[in-house]
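So you can see what is in the structure, the chains are spelled out below.
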Amino acid sequence: MSIICDTMRTYNTVIIGGGAGGILAGIYLNDKNSILLEKNEILGKKILMTGGGRCNITNNRPIHEYIKKYYNTGNFYRDAFNTFFNKDIIKLLEDNGCKTKIEDDKRVFPKSNKSKTVVNTLTHILNKSHTYYQLNSTVTNVEKEDEYFIITYNNKKIRTKYLILATGGISYPETGSTGDGYKFAMNLGHEKTKKMSGLCPIKTKEKWVHQLQGITLQVKLEIKANKKSIVKDKGSIIFTHNGISGYVILDNSMEIEKHLQKNKKVIINLDLVEKYDYETLDKKLQDDFSKYGTRGLKRYMHEYLPKNMSSVFLNVLSLDETKTLNQITKKERILIRDHLKRLQLTISDVIETQAMVSNNGIKQKEINPSTFESRLMKNLFIVGELIEGCGQCGGYNLQKAFSTGVIAAKTIKERLKNDSS
């Protein structure tokens, strides 16, 4: 055992990570002898990227609905949500000048539609607290010696009685979430769950999808594994350079991955015209082909598809886009109908490197859900995305980070109070 240098700076609490969980922990600690260490040049770098750059702060649903949004792990966060929930983060932001609004599916956004507003507000609140933070501070090692944690960062060491790991997982690695927190927790005796990617876009075997990159559609979809239906859902999708993304894809990506890992053939059927059933669409096509026989096929398809998708769609069906409607055979018309109602793609992979949120993490059974303190090491707290099990899209993952950061901070604050009495 090495001897701690007497000149080493000692803190009550060190928070590693200045994202959603770390910032809230700092605010609620409000302690002049605590420090937050953030490796980036700003706080909340990942928050800036959430909600398509608008920041989906939280979701306005009640707790009993929240619990169902975390893939069978939601009950673990009940105490945290009871301590600090959606109404609390909304009030905190509103009271400090960041006005919010509720949109579809009860998603909460800043009225400015800019995630920077949220980050600036949280930074302002942290600045008003007594908790100090330091940017451009890369932690390289965490170890325990006697009653203290020894933190090495920027080639110097500090010690602390309490430690909060709020580093995030491995999603958006360009923001600094490179898995450091896993390493620190595992060095202190914890285990990480097996591979399960989280909220990821999917890759398809069909190469023509790259021609549709950037196109957004509202669809119904069915996902099948070895011909058995595993998911029926609907929502907005966006074509990417090698597959599909969008909330409805991200929310179902872990179910897809589960079957891919079992070497099952997974396909996705897209209903591109959900407002028509087969019979209604068939009748409309027949009537239109008869009534507007001299109209060009490509131009006609714009009624159902974005203009820059029509040519690709017809090419996939090996149909000549220069033909007029009266040149299309009955068989070809049925082919169009069937593919508008069921465009089939084969899923080859989920793209873990583009995960919105990590699902891997430190095992929940090793963390006390009443405090988010480690069950294996006293005074070590693990919060946010670093814990196994992510929520669906819609503000649930930021709320998880906010809530767990606050409950850890409140626990430590109470202990500091008792320590000094």
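Residues numbered from 1 in each chain as written. Predicted model: local features only at pLDDT ≥ 70, side-chain atom pairs only at ≥ 80, totals over all residues. Heavy atoms only, no water.

Some remarks on the sheet that holds strand β15 (residues 343–350)
Let me state the cut-off plainly: Only strands that DSSP links by at least two bridges are regarded as paired with each other. Numbering of helices and strands starts at the N terminus; helices are DSSP runs of H or I of at least 4 residues and strands are runs of E of at least 2. For helices, the axis comes from a line fit to the C-alpha atoms of the stretch in contact; other axes are also lines fit to C-alpha atoms, and the angle between any two N-to-C directions lies between 0 and 180 degrees. The contact criterion used is simple: two residues touch if any of their non-hydrogen atoms lie within 4.5 Å.
Strand order in the closed barrel formed by six strands is β10-β13-β12-β11-β14-β15, with antiparallel pairing between adjacent strands. Adjacent strand axes in the sheet meet at a mean angle of 45° when their direction is disregarded. Inspection of the sheet shows strand β12 (residues 228–239) paired to strand β13 (residues 243–245) by two bridges, in the antiparallel sense. Looking across to β13, one finds that Ile238 is bridged to Ser245. Each of β10 (202–204), β11 (216–225), β12, β13, β14 (266–271) and β15 touches helix α7 (residues 247–260); the most contacted strand, β12, lies at about 140° to it.

Notes on empty space enclosed by the protein
Heads up, the condition is: Using a 1 Å grid laid over the protein atoms alone, points where a 1.4 Å probe fits but cannot get out form a cavity; open sets with protein on both sides within 12 Å along at least 5 of 7 lines form a pocket; any residue with an atom within 4 Å of a point counts as lining. Grid points are joined across faces, edges and corners, and a volume is the space filled by probe spheres set on the points.
Applying the stated rule across the entire model yields one cavity of 30 Å³ or more. As a volume, the largest cavity reaches approximately 30 Å³. Every residue along the wall of the largest cavity is listed here: Trp208, Leu212, Met309, Val312, Phe313, Val316 and Leu343. Per-element tally for the lining of the largest cavity: the top contributor is helix α10 (residues 307–316), with four residues.

Regarding α7
Just so we agree on the cut-off: A helix is expected to reach a length of 1.5 Å times the quantity of its residues less one. Bend is computed residue by residue as the angle between axes fitted to the seven residues ending at the residue and the seven residues starting at it. Three labels apply to residues, based on accessible area from a 1.4 Å probe with only protein chains included: buried if under 20% of the type maximum, exposed if over 50%, partly exposed otherwise in between.
Look at α7: 20 Å from first C-alpha to last across 14 residues, which is about the 20 Å you get at 1.5 Å a residue. Within α7, the axis deviates most sharply at Ser253, by approximately 45°. Counting buried residues along α7, eleven of its 14 residues qualify, which places the element largely inside the surrounding structure. All of the buried residues along α7 are Val248, Ile249, Leu250, Asp251, Asn252, Ser253, Met254, Ile256, Glu257, His259 and Leu260. Elements that come into contact with the buried residues of α7 comprise β10, β11, β12, β13, β14 and β15.

Brief notes about the layout of surface pockets
Short version of the rule: Amino acid classes used here: Ala, Val, Leu, Ile, Met, Phe, Trp, Tyr, Cys and Pro are nonpolar; Asp, Glu, Lys and Arg are charged; the rest, including Gly, are polar.
What the second largest pocket holds in volume is close to 590 Å³. What lines the second largest pocket is a set of 24 residues, and nearest its centre among them are Tyr71, Asp251, Met254, Glu255 and Asn359. Secondary structure elements with two or more residues in the lining of the second largest pocket: β12 and α7. When its residues are assigned to classes, the lining of the second largest pocket shows five nonpolar, eleven polar and eight charged.

Quick look at the pattern of salt bridges
As a reminder, the rule being used: The working definition used for a salt bridge is a side-chain nitrogen of Lys or Arg within 4 Å of a carboxyl oxygen of Asp or Glu.
Following the criterion strictly, the structure yields 23 salt bridges and no others. Across the pair Glu385 and Lys46 runs a salt bridge whose closest N-O atoms are separated by 2.9 Å. Of this pair, Glu385 sits in the loop between β18 (380–382) and α12 (396–420) while Lys46 sits in the loop between β2 (34–37) and β3 (58–59), and the two are 339 residues apart along the sequence. For Lys46, a relative accessible area of 18% gives the class buried. Between Lys284 and Glu303 there is a salt bridge, with the nearest N and O atoms lying 2.6 Å from each other. With Lys284 in helix α8 (residues 278–291) and Glu303 in the loop between α9 (297–301) and α10, the pair connects residues that are 19 residues apart, well separated along the chain. A residue is classified by how much of its surface remains accessible, and Lys284, at 19% relative accessible area, is buried. For Glu303, a relative accessible area of 39% puts it in the partly exposed group.

A closer look at the environment of Thr131
What counts, and what does not: As used in this structure description, the phrase polar contact means that two N or O atoms lie within 3.5 Å; if the pair is within protein, one of them must be able to donate a hydrogen and the other to accept it, and residues adjacent in sequence are counted only when both atoms belong to side chains.
Within the fold, Thr131 resides in the loop between α5 (115–128) and β6 (132–134). Note: C-alpha distance between Thr131 and Ala166 (35 residues apart in sequence) is 15 Å. Look past the residues within four positions of Thr131 in its chain and what remains in contact with it is Gly26, Leu29, Asn30, Asp31, Ser34, Ile35 and Leu126. Here the side chain of Thr131 touches Gly26 through a polar contact of 2.7 Å, landing on its backbone oxygen.

Quick look at the sheet that holds strand β4 (residues 100–102)
Strands sit in the order β3-β5-β4 across an open sheet of three strands; the sheet is antiparallel. This sheet does not close on itself; its edge strands, each paired only once, are β3 and β4. With two bridges joining them, β3 and strand β5 (residues 107–110) adopt antiparallel strand pairing. Residue pairing across strands places Thr58 opposite Val108, the latter belonging to β5.

Quick word on the pairing of β14
Along a regular strand, successive side chains alternate from one face of the sheet to the other. Across the six residues that make up β14, a large majority, six, are buried. Here β14 shows no split at all, with Val266, Ile268 and Leu270 on one side and Ile267, Asn269 and Asp271 on the other all buried. Relative to β14, β11 is paired through six bridges, and the arrangement is antiparallel. Pairing of Lys220 across the sheet is with Asp271, part of β14.

Some details on the pairing of β12
Here β11 pairs with β12 via ten bridges, running antiparallel. Residue pairing in the sheet places Leu217 in a bridge with Ile237 of β12. Where β12 folds back onto β13 in an antiparallel hairpin, the turn is made up of three residues.

Considerations on the state of the cysteines
The cut-off we apply is this: Criterion for a disulfide: a pair of cysteine sulfur atoms within 2.5 Å.
One pass over the full model with this rule turns up zero disulfides. Lacking any disulfide linkage, Cys200 is separated from the closest cysteine sulfur, that of Cys390, by 8.4 Å. Relative accessible area serves as the criterion here: at 0%, Cys200 is assigned to the buried category.

Structural notes on the packing of helix α1 (residues 20–29) against α12
To keep things clear, this is the line we draw: Whether a crossing is left-handed or right-handed is set by the direction in which the near helix is turned from the far one by less than a right angle, anticlockwise for left-handed and clockwise for right-handed.
Viewed as axis vectors pointing N to C, α1 and α12 meet at an angle of 30°, and their least axial separation amounts to 7 Å. You can see that α1 and α12 cross each other, and the crossing is right-handed. Residue-level inspection shows Ala20, Gly21, Leu24, Ala25, Tyr28 and Leu29 of α1 in contact with α12, the latter providing Leu398, Ala401, Phe402, Gly405, Val406, Ala409, Lys410, Ile412 and Lys413. The residue inventory of the contact of α1 with α12, partitioned by class, reads eleven nonpolar, two polar and two charged.

All we've got here are geometric facts, nothing functional implied.
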